[in-house]
Structures are given as C-alpha cells and as structure tokens.
Amino acid sequence: MTAVERGHFAPAKINLALHVTGRRDDGYHLLDSLVVFADIGDRVTARPARAWSLRVTGPLARGVPEDDDNLILRAARATDGPPAAFTLDKHLPMEAGIGGGTSDAAAALRALAALDGRRVPPDPVRLGADLPVCLLGRACRMEGVGEVVTPLAPLPPLHAVLVNPGIGIATPKVFGALTNRENAPLPRLPDIQDTAAFARWLAEQRNDLEGPARLISPAVGVALAQIGATDGCLLARMSGSGATCFGLFETATEAALAAERIAASRPEWWVRAAALG
C-alpha cells in the first residue's frame, strides 16, 4: 500500500437475532436485531484518482459489479470529496445475509475519511439499511429500519462456524414471503458473560426471516441441520435474510472442528470458522 492509499477491513455482519416488528406506510420493515461482527471479511482500499472507479479481486470476485450497482461507489459519490479509485478484495459471498456489500461500503467510507478527512454522507440509512450499523462495526442493537443503533456492553466470547450453501437469496423476496410482520421486539438483553448461558437466552429469540427463507430455498434448512449436528453446537440459526447460517460454540477449537467437518462433507459450500464480537 502506498502513502496515498488507505485500506480498511470490511467484516461479516451477523444477526444473532432478528425480529420483524412492523412495516411503515412506505413499505420499509421495522426490525429489532442483535448484531455482531466477525473477524473474517473483505478489504477495501482507496487512492486518489481523477475519476471514480472500482476493481474487484479476490476468491469471490466473480459476479460482483464494478459500476454504480455496487454500494461502494454509490456511497462514495454521496460524499463531498473528490473521486477515488477503489479495490475490493472479495472474500464474502454475495446476497448472503451477512452484510457483505454494505460492510464494503462502510469500509470505503472509512478509507475516504482517512484519505482526506471527509465526512460520512448524512442519513446513511438512505443508502442502505445496514450502513449505520456497519459504520459502527461493533456489537449493537439495531432498531427501526436500521437508523437506530445502540452499542452494547461486551458480550461473552462467541465462536462460530459460518455456512453458506452456495446460494444467494434476494432480500426483497424474503420480506415478500413474510406472513406476519407484527412480532414482539427483543427483550432487554441480560448481563450474561457465560457463553452457554447466553446461547440459551439467544435460543429463546428468533430470526423472523428464517422461515420464509427456508421456504424459498430448502438448502437453508439443510445447512442448519448440518451445523446443529456438529459436536458442541449451542445454537444454529440463519443470519439476516439468508442464506448464510451460523452455529455458536464455546471454544475456537470446537468451531474449527465443526467447520472442517462440514467443509469435508459439503466441499461446494462456503464454510468458515470465526470469532464474533
């Protein structure tokens, strides 16, 4: 990286719980979600340029748009500063329910701020519902359509396996399949520092999008079953609107062994062990 380049990590976003609590008159859904970030993700680099551009590299670059269909460029153009050339090193799958594209955009905005001190565009939720939480980049509670973000005290150690069964699910399609949009919000988060006890509390919560996603793509249920069958799995759940699912474990060793087992039986799937926080 040269002196005029700035790079930032774009971590995977995991919805440990996601309650759909209503829908506004404009069609946007109201959510109440417990969000954490993984220690795996993409990386975005920015450097000054005469015109806006984006180049995508990395193992999962195929199919990622390099024009204004990519939120990186749309978010960057909304700033007050001059153009920049971006490089996205892509490691997270697309349309996977782990905020890859939005986290990339947040990383791009951080890189631009490091380049010349420019500010984040006002009202970032207009660019993407997950953008405010991805700009925060830490454990938090996300409410409303994504604009209300409350940082949380440190959670107990959470080790996970992330599994995507090789498919993408369009978020609007999942929301469109919801049959109940008026559900109870999250209760007050307890002060629990024991991982197993926290997982038991979390199991009492929901991802209200999991049922519709499983109807659209039965592969989600297959992935959840495989995760739940691994030794030491405390909870198996889908993240966001899918199709990525996660399993929680008490130790990094258990999560790594689960990832090895699933990857060996399903080599066509995207499988990663990760720490969440």
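As shown above, the structure is provided for reference.
Just so it is clear, the model here is predicted, and its values are computed rather than measured.

Participant: Looking at this model, I keep getting lost on the side chain of Ser33. Mind explaining?
Facilitator: As for its placement among the helices and strands, Ser33 is situated in strand E2 (residues 29-48). A polar side-chain atom of Ser33 sits 2.8 Å from the main-chain carbonyl oxygen of Ala17. Setting aside residues up to four positions removed in sequence, Ser33 forms contacts with Asn15, Ala17, Leu18, Cys140, Arg141, Met142 and Leu186.

Participant: I'm lost on the environment of Pro218 in this one. Help?
Facilitator: Mapping Pro218 onto the fold places it in the loop between helix H6 (210-216) and helix H7 (219-228). Along the chain, Pro218 and Ser265 lie 47 residues apart, while their C-alpha atoms are 18 Å from each other.

Participant: Hey, could you run me through the environment of Lys173 in this one?
Facilitator: Structurally, Lys173 is set in helix H4 (residues 171-176). The spacing of Lys173 and Arg55 is 118 residues in sequence and 29 Å in space, taken between C-alpha atoms.

Participant: Would you explain the nonpolar core in this entry?
Facilitator: One broad trend across soluble globular proteins is that nonpolar side chains are buried collectively. Counting residues in hydrophobic clusters, the biggest one holds 37 residues, and the most contacted among them are Val161, Val163 and Leu209. Once residues within four sequence positions are removed from consideration, Val163 is found in contact with Ala223, Ile227, Ala243, Thr244, Cys245, Ile262, Trp269, Trp270 and Val271. The next biggest cluster of nonpolar side chains, apart from the first, holds 29 residues, and it includes Leu34, Leu162, Leu186 and Trp201.

Participant: What should I look at first to understand unusual backbone geometry in this one?
Facilitator: Excluding glycine, most residues fall at negative phi; most peptide bonds, likewise, are trans. Each neighbour pair has its own omega, and for Gly242 with Ala243 the value is 15°, a cis peptide bond. Tracing the backbone shows Ala243 in the loop between strand E8 (235-238) and strand E9 (245-249). One non-glycine residue, Glu95, adopts positive backbone phi at about 45°. Considering the arrangement of structural elements, one finds Glu95 in the loop between strand E4 (84-89) and helix H2 (100-116). Here the phi dihedral of Asp123 falls at roughly 55°; this positive angle occurs in a residue that is not glycine. Relative to the assigned elements, Asp123 resides in the loop between H2 and helix H3 (131-136). For Asp123, a relative accessible area of 42% gives the class partly exposed.

Participant: Hey, could you run me through the layout of surface pockets in this one?
Facilitator: One way to see where empty space is left: roll a probe the size of a water molecule over the atoms. Quantified by volume, the largest pocket comes out at close to 1,300 Å³. What lines the largest pocket is a set of 47 residues, among which Thr102, Gly128, Ala129, Asp130 and Thr171 lie closest to the centre. Of all elements in the fold, only strand E1 (6-23), E2, helix H1 (71-77), H2 and H4 reach the threshold of two or more residues within the lining of the largest pocket. For the lining of the largest pocket, the leading source of residues is H2, giving four residues.

Participant: Help me out: how do you make sense of the packing of aromatic side chains in this one?
Facilitator: Pairs of aromatic rings are described using the distance from one ring centre to the other and the angle between the two planes. By the definition in use, this model includes two aromatic pairs. Judged by centre distance (6.3 Å) and plane angle (5°), the ring pair of Trp52 and Phe86 falls under stacked. Pair noted here: Trp52 is in the loop between E2 and strand E3 (53-57) and Phe86 is in strand E4, with a separation of 34 residues, a long-range link. When its relative accessible area of 19% is taken as the criterion, Trp52 is described as buried. Taking the relative accessible area as the measure of exposure, Phe86 reaches 2% and is therefore buried.

Participant: Got a minute to help me understand the pattern of salt bridges in this structure?
Facilitator: Close approach of charged atoms allows side chains of opposite charge to pair. Counted under the stated rule, the structure contains eleven salt bridges. With a closest N to O distance of 3.0 Å, Asp104 and Lys90 form a salt bridge. Here Lys90 lies in the loop between E4 and H2 and Asp104 lies in helix H2, a separation of 14 residues in the sequence. Across the pair, exposure class does not vary: Asp104 and Lys90 are buried alike. Notably, a salt bridge pairs Arg118 with Asp116, separated by 2.7 Å at the nearest N-O pair. A relative accessible area of 10% means that Arg118 is categorised as buried.

About the cut-offs
Residues numbered from 1 in each chain as written. Predicted model: local features only at pLDDT ≥ 70, side-chain atom pairs only at ≥ 80, totals over all residues. Heavy atoms only, no water. Helix = DSSP H or I, 4+ residues; strand = E, 2+ residues; numbered from the N terminus. Polar contact = N/O pair within 3.5 Å; in protein donor to acceptor, adjacent residues only side chain to side chain. Contact = heavy atoms within 4.5 Å. Core = buried A, V, L, I, M, F, W, Y, C linked by side-chain atoms within 4.5 Å. Buried < 20%, exposed > 50% of the residue type's maximum accessible area, 1.4 Å probe, protein only. 1 Å grid on protein atoms, 1.4 Å probe; cavity = no way out; pocket = protein on both sides within 12 Å on 5 of 7 lines; lining within 4 Å. Points joined across faces, edges and corners; volume = space filled by probe spheres on them. Phe/Tyr/Trp six-rings, centres within 6.5 Å; stacked < 30°, edge-to-face > 60°. Salt bridge = Lys/Arg side-chain N within 4 Å of Asp/Glu carboxyl O.

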